[in-house]
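Below are the chains, spelled out letter by letter.
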Amino acid sequence: MSEELRENKMGTMPVRRLVLSMSLPMMIAMLVQALYNVVDSYFVAKLSENALTAVGMVFPFQNLMIAVGVGTGVGVNAFLSRSLGEKNYDAANRAAENGVFLAVLSTLVFTVAGLTLAHPFIAVQTDIPDIVSSGTAYMRICGGLSFGLFLEIMFERLLQATGRTFYTMLTQGTGAIINIIMDPVLIFGLGPFPRMEVAGAAAATVLGQIVAAVLAVLFNLTCNHDIHPTLRGFRPNGPVIRNIYSVGAPSNILNSIGSVLTFGMNQILFAFSSTAVAVFNVYFKLQSFVFMPVFGLNNGMVPIVSYNYGARKRKRLVDTVKFSALLAVAIMLVGLVVIQLFPADILGLFEASADMLAIGVPALRIISLCFVFAGFSIICSSTFQALGNGLLSMMISIVRQLLILLPAAFFLSLSGSVTAVWWAFPIAELASLALCVIFLCRIYRRVILPLE
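K.L.:
I'd like to hear about the overall build of the protein chain, residue by residue, with values.
P.N.:
Assigned secondary structure in the protein chain consists of 17 helices and 0 strands. In terms of overall dimensions, the protein chain is globule-like: its C-alpha atoms have a radius of gyration of 21 Å, near the 22 Å expected for 452 residues. The buried share among the 452 residues of the protein chain stands at 60%. Across the protein chain, every contact between residues at least 6 apart in sequence was considered, and the portion connecting residues at least 24 apart equals 83%. As displayed, the protein chain offers around 17,400 Å² of accessible surface, 70% of which is attributable to carbon and sulfur atoms. Separation between the mean location of the 27 positive side-chain charges and that of the 21 negative ones in the protein chain comes to 12 Å.

K.L.:
Give a detailed account of the environment of Leu 449, specifying residues and quantitative values.
P.N.:
Mapping Leu 449 onto the fold places it in the segment after α17 (424-448). Not counting residues within four places of it along the chain, the set of residues in contact with Leu 449 comprises Arg 314 and Tyr 444.

K.L.:
If you had to explain the environment of Lys 46 to someone new, which residues and values would you point to?
P.N.:
Along the chain, the position of Lys 46 falls in the loop between α2 (15-45) and α3 (49-85). The class for Lys 46 is partly exposed, based on a relative accessible area of 38%. The spacing of Lys 46 and Phe 350 is 304 residues in sequence and 7.5 Å in space, taken between C-alpha atoms. When sequence neighbours within four positions are dropped, the list of residues in contact with Lys 46 reads Phe 188 and Glu 351. A polar contact of 2.9 Å, which involves the side chain of Lys 46, links it to the side chain of Glu 351.

K.L.:
I'd like a rundown of the side chain of Ser 23, residues and numbers included.
P.N.:
If you trace the backbone, Ser 23 turns up in helix α2. Residue Ser 23 is classed as buried on the basis of its relative accessible area of 0%. Discounting chain neighbours no more than four positions away, the residues touching Ser 23 are Gly 296, Leu 297, Gly 300 and Met 301.

K.L.:
Break down the state of the cysteines for me, citing the residues and quoting the values.
P.N.:
Counted according to the given criterion, the structure contains 0 disulfides. Between Cys 380, a free cysteine, and Cys 436, which holds the nearest cysteine sulfur, the sulfur-to-sulfur gap is 4.6 Å. Take Cys 380: its relative accessible area is 3%, and that puts it in the buried class. Lacking any disulfide linkage, Cys 441 is separated from the closest cysteine sulfur, that of Cys 380, by 9.2 Å.

K.L.:
Could you give an account of the packing of aromatic side chains, naming the residues involved and the relevant values?
P.N.:
A complete count under the given rule lists 17 aromatic pairs for this structure. With centroids separated by 6.1 Å and ring planes inclined at 65°, the aromatic side chains of Tyr 283 and Phe 425 adopt a geometry described as edge-to-face. On the criterion of sequence distance, the pair formed by Tyr 283 in helix α10 (residues 274-310) and Phe 425 in helix α17 is long-range, its members being 142 residues apart. Overall, Phe 425 belongs to the buried group, its relative accessible area being 2%. Between Phe 384 and Phe 439, the ring centres sit 6.5 Å apart and the planes meet at 75°, which makes this aromatic pair edge-to-face. Of this pair, Phe 384 sits in helix α14 (residues 371-386) while Phe 439 sits in helix α17, and the two are 55 residues apart along the sequence.

Definitions and cut-offs
Residues numbered from 1 in each chain as written. Predicted model: local features only at pLDDT ≥ 70, side-chain atom pairs only at ≥ 80, totals over all residues. Heavy atoms only, no water. Helix = DSSP H or I, 4+ residues; strand = E, 2+ residues; numbered from the N terminus. Rg over C-alpha atoms; globule rule 2.2 N^0.38 Å. Buried < 20%, exposed > 50% of the residue type's maximum accessible area, 1.4 Å probe, protein only. Contact = heavy atoms within 4.5 Å. Areas by Shrake-Rupley, 256 points an atom, 1.4 Å probe, with all protein chains shown as cover. Lys, Arg positive; Asp, Glu negative; His and termini not counted. Charge placed at Lys NZ, Arg CZ, Asp CG, Glu CD. Polar contact = N/O pair within 3.5 Å; in protein donor to acceptor, adjacent residues only side chain to side chain. Disulfide = S-S within 2.5 Å. Phe/Tyr/Trp six-rings, centres within 6.5 Å; stacked < 30°, edge-to-face > 60°.

What is shown is where atoms sit, not what they do.
Encoded structure:
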């Protein structure tokens with residue numbers, strides 16, 4: 001009976017209803033997560049602009065942790081969903097077991113890195129003592145207690161791969177709400193809690209991640225009946241891990257490139273002022289309100305594409321990609337309109353000074369021009385990953401961020417105008433769009449058309 005139900009949902013439910021039922025819980029959870037990102041910076045900004053900059057300095061390291069966790073989870077998700085579509089339940093269980101093993105391994109690596117490399121990592125970016133001390137404390141807490149992040153991501157991916165995205169909405173939403181509540185409590189020392197300032201923001205972050213991880217484990221044990229992983233007699237399985245990373249490694253690299261981009265942009269913008277760096281990092285928080293729902297849509301779409309690819313149902317696969325692309329572009333269009341109309345009001349949430357407004361208003365308006373193109377590109381990249389062609393997503397990301405965006409930002413900075421730097425984002429996104437169209441046509445001919 002359970003087999004038939006799985007087939008009815010992933011293989012026969014009307015595509016639009018299926019995409020919405022799989023994606024809406026994730027989109028809601030991602031919006032709550034985006035709200036946390038903004039609230040976190042909102043309270044930190046009340047300490048000082050240096051405090052806001054210090055948190056931004058740690059962002060490349062945090063992004064790298066998320067990249068490794070999400071990339072591995074994407075590989076597990078695609079392999080597990082495809083195995084279920086093929087009715088190969090042993091392979092699905094092995095994917096889950098090895099995925100948890102890889103999450104624990106990642107935790108060990110980043111715990112050591114966070115505790116030992118925090119000070120040199122911040123000090124190499126700036127010599128302002130206040131920023132160095134605050135950034136070091138923030139990074140040590142986020143890295144040293146990273147087990148919550150990696151376990152949360154992995155166990156949420158196991159729920160997503162079997163179609164149980166409602167539970168991931170609960171785990172992510174609960175974690176984000178705890179972050180939001182505890183941020184002012186730990187930053188400013190409300191009630192019996194000590195005033196921790198920037199370190200309090202980090203403590204609130206890891207607390208939310210740990211609670212979310214515990215919930216994700218419990219939901220898998222009690223509600224996820226499609227897979228039955230066990231640790232009894234477990235040994236790492238080389239072929240399974242290679243299969244996971246055939247999709248996951250490109251995704252790891254793809255997401256890790258964001259850390260390189262942020263680090264490089266921070267260095268370029270520091271040549272103008274620390275305020276320019278603060279604007280750039282505020283933008284990253286703000287864009288999450290637009291991008292997070294698209295990532296939620298993406299998380300709901302990937303297992304559907306993988307499942308129907310494994311079941312060789314071409315029309316359902318194509319309809320899923322088309323509908324998801326349409327929704328993604330619509331979401332990004334709304335974000336574009338809002339940012340174009342209200343940039344000063346949005347920056348005012350972060351105690352923006354006159355200098356920050358002068359730099360930030362044109363920055364938000366220029367960068368947001370690329371939103372609509374980005375929505376389509378995200379769906380294309382996710383489609384490549386779901387079909388086992390994660391290398392194409394990696395190539396697009398490398399070209400966009402390392403070969404075009406960073407060099408363009410550097411050469412535009414030579415003009416002496418910080419406003420010119422922001423044009424690197426639309427330029428890079430247009431190049432990314434062109435590559436996505438070329439690769440999508442190639443994948444359609446070689447991979448999708450031969451189905452059925």
